[in-house]
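Listed here are the chains, written in short residue letters.
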Amino acid sequence: MALLLGGLLVPLGSQVESRKIDETQRILDQAREALLGYVAANGYFPCPASASSNGQEPATTDHTAGTCPASVLGTGAYVGFLPAVTLGFTPVDTSGYALDAWGFQQNRIRYAVANANVTATSSCPVALTTPFTRINGMRRVTMGCIQTLTTLLYVCSTGTGVSSTGCASTTTELSDNSIAVIWSLGANAPTGGSSPHEDKNIDNDRVFVLAPYSKASGSVFDDQITWIGPPMLFSRLVGAGMLP
């Protein structure tokens, strides 16, 4: 009987895990759509929620200047949690934070947005700091200039060899121009496991990792990530009349 039950529980556990992974991906996709809808309505990205702002943009957010507060300031990015209350995103926990399918406090959906600056050149005459979180910032710098920025968010296929400014090589780049990244730390949040990959998603810089799923010692990875790049953003903004 013990052997029979053991044989049944193993595949059942795998099925439950698979469902939670699928549900988490659905939550991340919905969060991405909520962010795109917010940008289409307002013309800028919201700041991430901090650990104490209860699922809202922090009170000292200033979209006139495009600045998010120090509580979410990372290296080359504003990094924190999805501002679910600001977005009107549901469901949320009792503190106002969206959760992944595992549903614990450490499983709050995370969010980062680039705080890159545009330098004036002959082809980009408008110099502007933090255009992505600034009112009318993206309209002012134009689509062409945004596409030339080299200090946006990276998503790498491995954490091996990454730095705070980029992937180990172009062959490991899944994206080198993401404007926003939304992610879950997975079932083993927040500390992950023995892995060169997962710690890159909690170090508050502009480089993220989406490695193959693995439970193997030394290469553990179960984080899930989605992102918003310029083409997806431009399509939504053009449709909303925010660009060109």
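Located above this text is the structure these notes cover.
Reference entry: report on the structure contained in this document.

Conventions and cut-offs
Residues numbered from 1 in each chain as written. Predicted model: local features only at pLDDT ≥ 70, side-chain atom pairs only at ≥ 80, totals over all residues. Heavy atoms only, no water. Helix = DSSP H or I, 4+ residues; strand = E, 2+ residues; numbered from the N terminus. Rg over C-alpha atoms; globule rule 2.2 N^0.38 Å. Buried < 20%, exposed > 50% of the residue type's maximum accessible area, 1.4 Å probe, protein only. Contact = heavy atoms within 4.5 Å. Areas by Shrake-Rupley, 256 points an atom, 1.4 Å probe, with all protein chains shown as cover. Lys, Arg positive; Asp, Glu negative; His and termini not counted. Charge placed at Lys NZ, Arg CZ, Asp CG, Glu CD. Pairing = 2+ DSSP bridges. Salt bridge = Lys/Arg side-chain N within 4 Å of Asp/Glu carboxyl O. Axes fitted to C-alpha atoms, helices over the stretch in contact; angles between N-to-C directions. Expected span 1.5 Å × (residues − 1). Arc of directions from axis to C-beta. 1 Å grid on protein atoms, 1.4 Å probe; cavity = no way out; pocket = protein on both sides within 12 Å on 5 of 7 lines; lining within 4 Å. Points joined across faces, edges and corners; volume = space filled by probe spheres on them. Nonpolar A, V, L, I, M, F, W, Y, C, P; charged D, E, K, R; others polar.

1. Section: the overall build of the chain
- Along its length, the chain carries four helices and seven strands.
- Beginning at the N terminus, the succession of helices and strands in the chain can be written as α-β-α-β-α-β-β-β-β-β-α.
- Computed over its C-alpha atoms, the radius of gyration of the chain comes to 19 Å, within 12% of the 18 Å expected for a compact globule of 244 residues.
- The C-alpha extent of the chain, read off along each of the three principal axes, is 75 × 40 × 30 Å.
- By residue count, 50% of the 244 residues in the chain fall in the buried class.
- Residue pairs at least 24 apart in sequence account for 67% of intrachain contacts in the chain once pairs closer than 6 positions are excluded.
- Carbon together with sulfur atoms contributes 56% to the accessible area of the chain, which is approximately 10,900 Å² in total.
- Here the chain contributes 13 positive and 17 negative side-chain charges, whose respective centroids are spaced 5 Å apart.

2. Focus on the environment of P58
- Along the chain, P58 turns up in the loop between α1 (2–42) and β1 (77–81).
- Linking P58 and L152, residues 94 residues apart in sequence, is a C-alpha distance of 22 Å.

3. Quick notes on the pairing of strand β5 (residues 180–184)
- The element β5 is largely enclosed, with a buried count of five among its five residues.
- By the alternation rule, side chains of β5 split into A180, I182 and S184 and V181 and W183, which are all buried.

4. As for the pairing of strand β2 (residues 110–114)
- Among the five residues that make up β2, five are buried, leaving the element largely enclosed by the rest of the structure.
- Of the two faces of β2, both are covered, the one formed by R110, A112 and A114 as well as the one formed by Y111 and V113.
- Here five bridges tie β1 to β2, and the two strands are oriented antiparallel to one another. Bridged to V79 within β2 is A112.
- For β2 and β5, the ladder comprises four bridges, and the chain directions are antiparallel. Looking at the pairing, V113 lines up with A180 of β5.

5. Quick word on the pattern of salt bridges
- The final tally for this structure, using the stated rule, is six salt bridges.
- A salt bridge links D29 to R32, with the nearest nitrogen and oxygen atoms 3.9 Å apart. You can see D29 and its partner R32 sitting in helix α1, three residues apart, about one turn around the helix.
- Using a relative accessible area of 18% as the deciding quantity, one classes R32 as buried.

6. Here's the deal with the sheet that holds β5
- Here four strands make up an open sheet; going across it, the order is β1-β2-β5-β7 and the pairing antiparallel. Whereas interior strands pair on both sides, the edge strands pair on one side only; in this sheet they are β1 and β7 (224–228). Ignoring which end each strand starts from, the neighbouring axes of this sheet average 15° apart.

7. Focus: helix α3 (residues 137–148)
- When the terminal C-alpha atoms of α3 are compared, their 15 Å separation across 12 residues agrees well with the 16 Å that a helix rising 1.5 Å per residue should span.
- All of the buried residues along α3 are G137, M138, V141, C145 and I146. Buried residues in α3, looked at end-on, bunch into an arc of 135°, giving them a common side.

8. A closer look at the layout of surface pockets
- In this structure, the largest pocket encloses a volume near 160 Å³.
- As for the largest pocket, its lining consists of 15 residues, and the residues nearest its centre are V79, G80, F81, R110 and N204.
- Of all the elements, β1 adds the most residues to the lining of the largest pocket, at three residues.
- The class makeup of the residues in the lining of the largest pocket is eight nonpolar, six polar and one charged.

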